Amino acid sequence: MRLLPLLLIGLSSGVALAQASVQPFMVGSRGFATLQEAVNAIGDGEGTIRIAPGTYRECAVQGAGRIAYVATEPGKVIFTRIACEGKAALVLRGRGAQVQGIVFSHIEVGDGNGAGIRIEKGPLSVSNAMFLDSQSGILSAEDPNGTVTVDHSTFSGLGHDPTGNGAHGIYMGRYKSLRVTACRFERGQGGHYVKTRAPYVEILDSSFDDSHGHMSNYMIDLSNGAKGRIAGNEFVFGRDKDNHSTLITVAPEGAKNDSSGLVVENNRARLAPGVDFKPVFVGNWSGEPLVIRGNILGAGITPTARRF
């Protein structure tokens, strides 16, 4: 007979699967029953919250300090189905944050912008994280001095927004910069895989697999243009597209940032089997000269087109 796992129901911490004998959130030698209690204990200081394996139906708001949120076993800490302030599992507006090894899943809110992480102020570093089957993965407000880096993380099944306003895998507002390295984007359910208004971007050595996407849009959308580099990435353009014109866009919503010299190099792109669209690899609305070189494009993909 198959044995079903025992669920611990009704714990005040909101923990669905975790050891009841040990506090799941540790700051140094101090244990806390909820993530918010651990965040409050650090306050305006600096600290690391070590999180025990488990599935947690809770969220937290960081209003101050510098905090690292670290899974003691990467991939085995899951925050699911709960968003603080109608925004995200983690709402961050302190002096800085790091997120390591955490899984965020099924985060949805009424306005369609539910996210694993909502970054509103300060720098953010994310590594070895997963963002699954939610409206958005990482969503930002505006902080012209803030930087966001995302490394070795997965964004899968994102973009579903019942309001029709648009959710995305990563959506950066007017932050100073966005750096994405060695990440995987797949199975988009609407919106863009990466959408950013930051004036400087680096998107490197990542994969964008749209072969099982549904009503997805651009792979990379530099909404207002940007300097920087898009290099070493792999793109697979799927069949089920809301917009099948372009893979990478530069300033389609107005050239508010300088894009001169933006480098798009050494990427690979191809059409998924059965795709009969003929998209453009880089669509340039900025009016600025770009550096596009060394890309290997499959049949049916036009290297670049200047848009007006």
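Structure: see above.
Residues numbered from 1 in each chain as written. Predicted model: local features only at pLDDT ≥ 70, side-chain atom pairs only at ≥ 80, totals over all residues. Heavy atoms only, no water.

Novice: Help me understand the sheet that holds strand 2 (residues 25-27) in this model?
Specialist: Think of a sheet as strands paired side by side through backbone hydrogen bonds, with each pair either parallel or antiparallel. Judged by pairing direction, the sheet is mixed, and its 12 strands sit side by side in the order 3-2-4-7-10-13-16-19-22-25-28-31 without closing on themselves. A strand with exactly one partner marks an edge of an open sheet, and here the two such strands are strand 3 (30-32) and strand 31 (291-293). Averaged over all adjacent pairs, the angle separating strand axes in this sheet is 10°, with direction ignored. Summarising the sheet, strand 7 (residues 66-71) and strand 10 (residues 96-100) pair through 5 bridges and their orientation is parallel. Note on strand 10: the bridge partner recorded for A68 is Q98. Contacts from helix 1 (residues 35-42) reach strand 2, strand 3, strand 4 (46-51) and strand 7 within the one sheet, and its direction differs from that of strand 4 by about 160°. (Pairing = 2+ DSSP bridges. Helix = DSSP H or I, 4+ residues; strand = E, 2+ residues; numbered from the N terminus. Axes fitted to C-alpha atoms, helices over the stretch in contact; angles between N-to-C directions. Contact = heavy atoms within 4.5 Å.)

Novice: Could you clarify how one ought to interpret unusual backbone geometry in this entry?
Specialist: Across residues other than glycine, the phi torsion is negative in most instances, and most of the peptide bonds are trans. One non-glycine residue, A182, adopts positive backbone phi at about 50°. The topology assignment puts A182 in the loop between strand 19 (175-181) and strand 20 (184-186). Positive phi values are uncommon outside glycine, yet M215 reaches one of about 55°. Within the secondary structure, M215 is located in the loop between strand 23 (207-209) and strand 24 (220-222).

Novice: Please explain helix 1 as it appears in this structure.
Specialist: Since the α-helix packs 3.6 residues into each turn, any two residues three or four apart lie on the same face. Buried within helix 1 we find L35, A38, V39 and I42. Down the axis of helix 1, the buried set is contained in an arc of 100°. They therefore lie on one face. Just downstream of helix 1, G43 is the residue with a positive phi angle, here 55°. (Buried < 20%, exposed > 50% of the residue type's maximum accessible area, 1.4 Å probe, protein only. Arc of directions from axis to C-beta.)

Novice: How should I be thinking about the state of the cysteines in this particular structure?
Specialist: What is meant by a disulfide is a covalent connection between two cysteines, made through their sulfur atoms. Under the criterion given, the structure shown has 1 disulfide. Here C59 pairs with C84 through a disulfide, and the sulfurs are 2.0 Å apart. Here C59 and C84 share a disulfide; its torsion about the S-S bond, 90°, makes the bridge right-handed. Residue C59 is located in the loop between strand 5 (54-56) and strand 6 (60-62), and its partner C84 is located in the loop between strand 8 (77-80) and strand 9 (88-92); the two are separated by 25 residues in the primary sequence. Considered together, C59 and C84 belong to a single accessibility category, that of buried residues. (Disulfide = S-S within 2.5 Å.)

Novice: Could you clarify how one ought to interpret the sheet that holds strand 27 (residues 246-250) in this entry?
Specialist: Taking strand neighbours across the sheet as the criterion, the 10 strands line up as 6-9-12-15-18-21-24-27-30-33 in an open arrangement whose pairing is parallel. Only two strands of the sheet have a single neighbouring strand rather than two, namely strand 6 and strand 33 (302-306). Taking the axes of each pair of neighbouring strands and ignoring which way they run, one obtains an average angle of 10° across the sheet. With 4 bridges connecting them, strand 9 and strand 12 (residues 115-119) associate as parallel partners. Looking at strand 12, one finds that A88 is bridged to A115.

Novice: Explanation requested: the pattern of salt bridges in the structure shown.
Specialist: One side chain can pair with another of opposite charge once the charged atoms of both are near each other. This structure, assessed with the given rule, holds 19 salt bridges. Among the ionic pairs, E186 bridges to R184, the shortest N-O distance being 2.6 Å. R184 gets classed as partly exposed once you look at its relative accessible area, which sits at 33%. Its salt-bridge partner being R229, residue E265 comes within 2.8 Å of it at the nearest N-O pair. Of this pair, E265 sits in strand 28 (residues 263-265) while R229 sits in strand 25 (residues 227-231), and the two are 36 residues apart along the sequence. The class of E265 is buried, set by a relative accessible area of 10%. (Salt bridge = Lys/Arg side-chain N within 4 Å of Asp/Glu carboxyl O.)

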